[in-house]
Amino acid sequence: MLCCSMIAMCVAAHEADTTTVVSASTKSIIVANDSDTIVVSRDFHAMVDFSLPFTRSSRDSDECYSLNISGVSLGCVSALNTSPSFSSNFGQSIEVTWHMLNFNFTPHLKWVAASTGLWLNWKNYRTTGRTRFLKQDADIVIAPYPDGADIKFSRLHFFSLELPLLVHFRTKAQVRFVAGAIVNYTPHGSLKTRYKLDGHNYKDTSNDISHVSLSADLFANVSYKGYGLYFKYSPCNVLQTEYGPRLNGLSAGVSLLY
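Calculation rules
- Residues numbered from 1 in each chain as written.
- Predicted model: local features only at pLDDT ≥ 70, side-chain atom pairs only at ≥ 80, totals over all residues.
- Heavy atoms only, no water.
- 1 Å grid on protein atoms, 1.4 Å probe; cavity = no way out; pocket = protein on both sides within 12 Å on 5 of 7 lines; lining within 4 Å.
- Points joined across faces, edges and corners; volume = space filled by probe spheres on them.
- Helix = DSSP H or I, 4+ residues; strand = E, 2+ residues; numbered from the N terminus.
- Nonpolar A, V, L, I, M, F, W, Y, C, P; charged D, E, K, R; others polar.
- pLDDT = per-residue confidence, 0-100.
- Contact = heavy atoms within 4.5 Å.
- Buried < 20%, exposed > 50% of the residue type's maximum accessible area, 1.4 Å probe, protein only.
- Polar contact = N/O pair within 3.5 Å; in protein donor to acceptor, adjacent residues only side chain to side chain.
- Core = buried A, V, L, I, M, F, W, Y, C linked by side-chain atoms within 4.5 Å.
- Salt bridge = Lys/Arg side-chain N within 4 Å of Asp/Glu carboxyl O.

### Concerning empty space enclosed by the protein
Piece 1. According to the stated counting rule, one finds two cavities of 30 Å³ or more in the structure shown.
Piece 2. Roughly 210 Å³ of volume is contained in the largest cavity.
Piece 3. Listing elements by their share of the lining of the largest cavity, those giving two or more residues are strand E9 (112-126), strand E12 (150-170), strand E13 (175-197) and strand E15 (214-224).
Piece 4. Classifying every residue of the lining of the largest cavity by side-chain character gives six nonpolar, eight polar and three charged.
Piece 5. The calculated volume of the second largest cavity comes to roughly 40 Å³.
Piece 6. Together, Ser73, Glu95, Thr97, His99, Trp119, Glu162, Ile182, Phe219, Tyr230 and Lys232 line the second largest cavity.
Piece 7. Looking at which element gives the most residues to the lining of the second largest cavity, the answer is strand E8 (residues 93-106), with three residues.
Piece 8. Here the residues of the lining of the second largest cavity are counted per class, giving four nonpolar, three polar and three charged.

Written out as structure tokens, the structure is:
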């Protein structure tokens, strides 16, 4: 509407002139006659695109920002650097991550990008064999089951809010490599053990296990068209060392739509 009004004004103001030329391109509209030339720009590329994902970009700088809701990851967890009495098989312990919010920045180098966001993570460390997690006063210890017990399971469970700080590398073949660190805030940790003895079912639980609330992980992911594999190592101890055994985590699994 603005462009049409300006064109009409220009034509009306110069009716006496012998020549009027109107031309248009993707970037501008040009109104010209024998005496004047008026250029009306219509370059609106640096506007906000409200489609999903939410993006904002600039044609001049070729930079792009996006905020999106991404997919999920499902993996297995293995406990490292722990007590010799602790037995855990890779695949018995699992973790689920929802990549809830991702804020991405792509500079003029289209093959590299950076991202942060907010992820939700649920993780279990589960024992195998004849040992269990046991709460003794304020301590978490690894202890044997009672003799003759029919073992169900014993596990530590954690819920974390994650802040990823990642760098992305893309190839022309649509393969993407991601690496970086994840800062974890873990507001909840719990213990649960279940077994059967002499015909009776026993369940030991605790929501006070003196876990580490703030920690960091190393993270890597490789994907193709949204389907990939991830690896994560936790160098920080899961439990506070004065209250429980040393326990680090190594996890690997699949990622979907991330």
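Read on, since the account is not over.
### Observations concerning the confidence of the model for the protein
Piece 1. Taken residue by residue, the protein gives an average pLDDT of 81. The fraction at 70 or more is 76%.
Piece 2. Within the model, pLDDT remains below 50 along residues 6-32, and this stretch shows 48 contacts once partners closer than five positions in the same chain are excluded.
Piece 3. Under a pLDDT of 50 for its full length, residues 37-60 has, in the predicted model, 50 contacts with residues more than four places off or in other chains.

### Details of the side chain of glutamate 95
Piece 1. By secondary structure assignment, the location of glutamate 95 is in strand E8.
Piece 2. Residue glutamate 95 is classed as buried on the basis of its relative accessible area, which comes to 0%.
Piece 3. At 2.8 Å, the side chain of glutamate 95 and the side chain of serine 251 are in polar contact.

### Quick notes on the nonpolar core
Piece 1. Formed by 14 residues in total, the largest nonpolar core has its most connected members in Tyr125, Phe133, Leu156, Phe158, Ile209, Leu239 and Leu247.
Piece 2. What phenylalanine 158 contacts, discounting residues up to four positions off in sequence, is Asn121, Trp122, Lys123, Tyr125, Thr186, His188, Gly189, Ile209, His211, Val238 and Leu239.
Piece 3. Counting seven residues, the second largest nonpolar core, distinct from the first, contains Trp119, Leu166, Ile182 and Phe219.

### Regarding the pattern of salt bridges
Piece 1. According to the stated counting rule, one finds five salt bridges in the structure shown.
Piece 2. A salt bridge links glutamate 95 to lysine 123; the shortest N-O distance between them is 3.8 Å. Within this pair, whereas glutamate 95 is found in strand E8, its partner lysine 123 is found in strand E9, the two being separated by 28 residues in sequence.
Piece 3. For lysine 123, a relative accessible area of 10% gives the class buried.
Piece 4. The residue lysine 152 makes a salt bridge to aspartate 150 at a minimum N-O spacing of 3.7 Å.
Piece 5. Under the relative-accessibility criterion, lysine 152 is labelled partly exposed at 46%.
Piece 6. Among the charged side chains, a network of salt bridges with common partners joins Glu95, Lys123, Glu162 and Lys232.

### Observations regarding unusual backbone geometry
Piece 1. Phi is positive for aspartate 198, close to 55°, though the residue is something other than glycine.
Piece 2. Along the polypeptide, aspartate 198 turns up in the loop between E13 and strand E14 (200-206).
Piece 3. A residue is classified by how much of its surface remains accessible, and aspartate 198, at 69% relative accessible area, is exposed.
Piece 4. A positive phi angle, close to 60°, is found at leucine 257, a residue other than glycine.
Piece 5. When you line up the elements, leucine 257 lands in the segment after strand E17 (248-256).

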